[in-house]
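# Examining the three-dimensional arrangement
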Amino acid sequence: MHKLILKPGREKSLKRRHPWVFSGAIAKVEGKPQLGDSVEVRSADGAFLAVAAFSPESQIRARVWSWTAGDIDAAFFAQRIARAAAARSVSAGEGTRLVHGESDGLPGVVADRYGDTVVVQLLSAGAERWRGAIADALAALPGVARVIERSEADVRELEGLQPQSGLLRGELATGPLTVREHGLEFAVDAEQGHKTGFYLDQRDNRLLLRGLVKDKTVLDCFCYCGGFALNALAGGAKSVTAIDSSGPALAAAKANAARNGLPESEWLEADVFQALRKFRDEGRKFDLIVLDPPKFAPTAAHAEKAARAYKDINLLGFRLLNPGGVLMSYSCSGGVSPDLFQKIVAGAALDAGVDARIEHWLHASADHPVVLNFPEGEYLKGLLLRVGV
Ligand code: SAH
């Protein structure tokens with residue numbers, strides 16, 4: 001097997017089982033590994049550390065498959081994927097994240113299950129190299145009829161990979177794909193929708209919101225296909241206003257509301273940054289505001305610019321709240337830590353001149369676990385804040 005020999009002292013993070021090898025840590029490459037090939041990672045004194053996938057173009061030059069020596073082959077992926085699936089409890093028709101990258105020992109592999117359909121994203125050189133074995137292993141899970149690929153995320157570019165999507169195994173379904181969540185039904189657009197079609201990570205948080213909205217006025221910013229807005233309607237909100245800049249996402253949200261027989265609400269196709277300013281100028285107020293923006297900082301290098309954007313929307317959010325109102329504010333940026341996010345939101349509250357208390361620290365649902373030694377896995381963090389009366 002090809003080898004990566006690290007610089008002296010650079011084995012420390014691997015010994016703590018952090019699964020990334022950065023380019024700056026590598027002293028020497030032995031052999032001629034190609035994109036996605038397996039390499040043995042060794043310390044400067046030659047001790048074995050891990051088997052990893054080589055990614056020649058990325059700053060993350062290798063991602064660990066295994067902490068023990070041995071071949072990486074189709075059987076390895078079958079075993080890891082079966083293990084990941086066994087750790088989830090999937091009930092028919094519900095959506096579940098089956099494979100969550102590093103957290104399941106499969107860096108760069110994300111797979112969501114919607115009934116008998118699995119939608120997979122292959123986001124690293126190693127995942128790309130093993131596309132066939134990964135697709136076979138997912139298709140072999142009990143009850144899976146098809147595997148669809150949606151490998152279009154920008155992170156593939158950093159790995160030197162082109163976007164790729166399409167049917168990998170099985171036949172396309174004839175009817176629409178749907179997912180049930182807490183008794184609500186959502187259509188999932190696995191071919192054109194964002195990511196794998198639906199944001200399963202907010203499942204628990206949507207239910208939390210449902211319990212807080214009775215007779216309240218609710219604003220759902222960055223609503224996508226209506227995840228929070230539909231739960232607000234189902235929870236008996238007095239009014240719901242939902243904003244997204246994507247026309248197709250709003251059309252899907254409206255159709256999802258109708259599909260569940262929910263009351264009318266206000267769906268706005270607009271840029272949230274502008275819409276919140278307009279509401280401020282008009283003096284509009286709400287009892288509960290959700291801010292669930294897209295990833296502003298894909299990596300730590302973008303954190304500063306992202307911090308300004310988070311502060312901007314949170315400041316506006318605080319200003320639009322009625323006394324005693326609730327702000328549910330998220331960041332899904334891997335490059336912004338929970339600590340930094342809390343500081344940004346605290347700064348926004350200060351500038352808005354409001355007192356706010358944290359009632360809940362929010363996270364992704366349990367099917368998006370975080371490996372203890374890989375804090376980067378905690379990409380989704382949120383705060384549920386109540387402002388003073
Ligand atoms: N809350 C949603 C997921 C949000 S994903 C859920 O529970 O499913 C982020 C959404 O923000 C996407 O739908 C995207 O279209 C939208 N978006 C991105 N930039 C935007 C902007 N500047 N203004 C409004 N919407 C935006």
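Residues numbered from 1 in each chain as written. Predicted model: local features only at pLDDT ≥ 70, side-chain atom pairs only at ≥ 80, totals over all residues. Heavy atoms only, no water.

## Quick look at the overall build of the chain
When you go through the chain residue by residue, the secondary structure sums to 11 helices and 20 strands. Taken over the C-alpha trace, the chain has a radius of gyration of 22 Å; the compact-globule value for 389 residues is 21 Å, and the two agree within 12%. Here the C-alpha coordinates of the chain stretch approximately 65 × 50 × 30 Å along the principal axes. Counting the 389 residues in the chain, one finds 52% classified as buried. The long-range share in the chain, meaning contacts at least 24 apart out of those at least 6 apart in sequence, stands at 63%. Accessible surface for the chain amounts to roughly 17,000 Å². Of this, 52% is attributable to carbon and sulfur atoms. In the chain, 47 positive and 47 negative side-chain charges are present, and the distance between their average locations comes to 4 Å. (Helix = DSSP H or I, 4+ residues; strand = E, 2+ residues; numbered from the N terminus. Rg over C-alpha atoms; globule rule 2.2 N^0.38 Å. Buried < 20%, exposed > 50% of the residue type's maximum accessible area, 1.4 Å probe, protein only. Contact = heavy atoms within 4.5 Å. Areas by Shrake-Rupley, 256 points an atom, 1.4 Å probe, with all protein chains shown as cover. Lys, Arg positive; Asp, Glu negative; His and termini not counted. Charge placed at Lys NZ, Arg CZ, Asp CG, Glu CD.)

## Concerning the domain arrangement of the chain
Domain parsing of the chain yields domain 1 (2–66), domain 2 (74–170) and domain 3 (199–387). For domain 2 versus domain 3, the distance between C-alpha centres works out to 28 Å. With 9 residues of domain 2 at the interface, the matching set in domain 3 holds 10 residues. For the pair domain 2 and domain 3, the two sides together bury roughly 850 Å², of which 63% comes from carbon and sulfur. Three residues, Arg97, His100 and Ser103, lead the burial of domain 2 against domain 3; their summed loss comes to 47% of the area buried on that side. (Domains from an automatic or database assignment. Buried area = accessible area lost by both parts, 1.4 Å probe.)

## Remarks on the state of the cysteines
Throughout the structure, instances matching the rule amount to 0 disulfides. Between cysteine 221, a free cysteine, and cysteine 223, which holds the nearest cysteine sulfur, the sulfur-to-sulfur gap is 8.9 Å. Between cysteine 225, a cysteine without a disulfide, and cysteine 223, which holds the nearest cysteine sulfur, the sulfur-to-sulfur distance is 8.4 Å. (Disulfide = S-S within 2.5 Å.)

## Description of the pairing of strand β8 (residues 109–114)
Burial analysis of β8 places 6 of its 6 residues in the buried class, which makes it a mostly covered element. Of the two faces of β8, the one carrying Val109, Ala111 and Arg113 and the one carrying Val110, Asp112 and Tyr114 are both buried. In this sheet, β8 lies alongside strand β7 (residues 95–100) in antiparallel orientation, the contact comprising 5 bridges. The residue of β8 that forms the bridge with valine 99 is alanine 111. If you look at the hairpin formed by β8 and strand β9 (residues 117–122), you'll find 2 residues sitting between the two strands, and glycine 115 has a positive phi there, around 60°. (Pairing = 2+ DSSP bridges.)

## Section: the side chain of arginine 88
Take arginine 88: it is sitting in the loop between α2 (74–86) and β7. Note on arginine 88: relative accessible area 10%, which makes it buried. Reaching out from arginine 88, the side chain makes a polar contact with the backbone oxygen of alanine 84 at a distance of 3.1 Å. For arginine 88, the side chain forms a polar contact with the main-chain oxygen of aspartate 367, separated by 3.0 Å. Contact partners of arginine 88, with chain neighbours within four places excluded, come to Thr96, Arg97, Leu98, His100, Asp104, Asp367 and Pro369. (Polar contact = N/O pair within 3.5 Å; in protein donor to acceptor, adjacent residues only side chain to side chain.)

## A look at the sheet that holds strand β16 (residues 266–269)
Taken together, the 7 strands give an open sheet; going across it, the order is β16-β15-β14-β17-β18-β20-β19, and neighbouring strands pair in mixed fashion. The open sheet has two free edges, formed respectively by β16 and β19 (356–363), since each of these has just one partner strand. When strand polarity is set aside, the average angle formed by the axes of neighbouring strands in this sheet is 15°. Here β19 runs beside strand β20 (residues 381–387); their pairing, made up of 7 bridges, is antiparallel. Paired with tryptophan 361 across the bridge in β20 is leucine 383. (Axes fitted to C-alpha atoms, helices over the stretch in contact; angles between N-to-C directions.)

## Regarding the nonpolar core
The biggest cluster of nonpolar side chains holds 41 residues, and the ones touching the most others in it are Tyr114, Phe198, Leu209, Trp267 and Met328. For this core, the elements supplying multiple residues, two or more each, are β13 (184–187), α7 (227–234), β15 (239–244), α8 (247–259), β17 (286–291) and β18 (321–331). Ranked by residue count, the leading element in this core is α7, at 5 residues. Both domain 2 (74–170) and domain 3 (199–387) contribute no fewer than three residues apiece to this core. Leaving out residues up to four positions away in the same chain, tyrosine 114 has contacts with Glu94, Gly95, Val119, Leu177, Thr178, Val179, Val188, Thr196, Gly197, Phe198 and Leu200. (Core = buried A, V, L, I, M, F, W, Y, C linked by side-chain atoms within 4.5 Å.)

## Quick notes on α2
Relative to the 18 Å expected for 13 residues at 1.5 Å per residue, α2 spans 18 Å between its end C-alpha atoms, a close match to the ideal helical length. Listing the buried residues of α2 in full gives Phe76, Phe77, Arg80, Ile81, Ala84 and Ala85. Projected onto a plane normal to the axis of α2, the buried residues spread over an arc of 155° and lie on a single side. In α2, the exposed positions that point more than 90 degrees away from the buried face belong to Ala75 and Ala86. (Expected span 1.5 Å × (residues − 1). Arc of directions from axis to C-beta.)

## Looking at the pattern of salt bridges
Per the counting criterion, the structure on display carries 25 salt bridges. Salt-bridge contacts for arginine 63 lead to glutamate 159; the nearest nitrogen and oxygen are separated by 2.8 Å. On the criterion of sequence distance, the pair formed by arginine 63 in strand β6 (residues 60–66) and glutamate 159 in the loop between α5 (155–158) and β11 (164–169) is long-range, its members being 96 residues apart. For arginine 63, a relative accessible area of 13% translates into the label buried. Glutamate 159 sits in the buried class, given a relative accessible area of 1%. Here arginine 169 and aspartate 136 are joined by a salt bridge, their closest N and O atoms 2.7 Å apart. Of this pair, arginine 169 sits in strand β11 while aspartate 136 sits in helix α4 (residues 131–139), and the two are 33 residues apart along the sequence. (Salt bridge = Lys/Arg side-chain N within 4 Å of Asp/Glu carboxyl O.)

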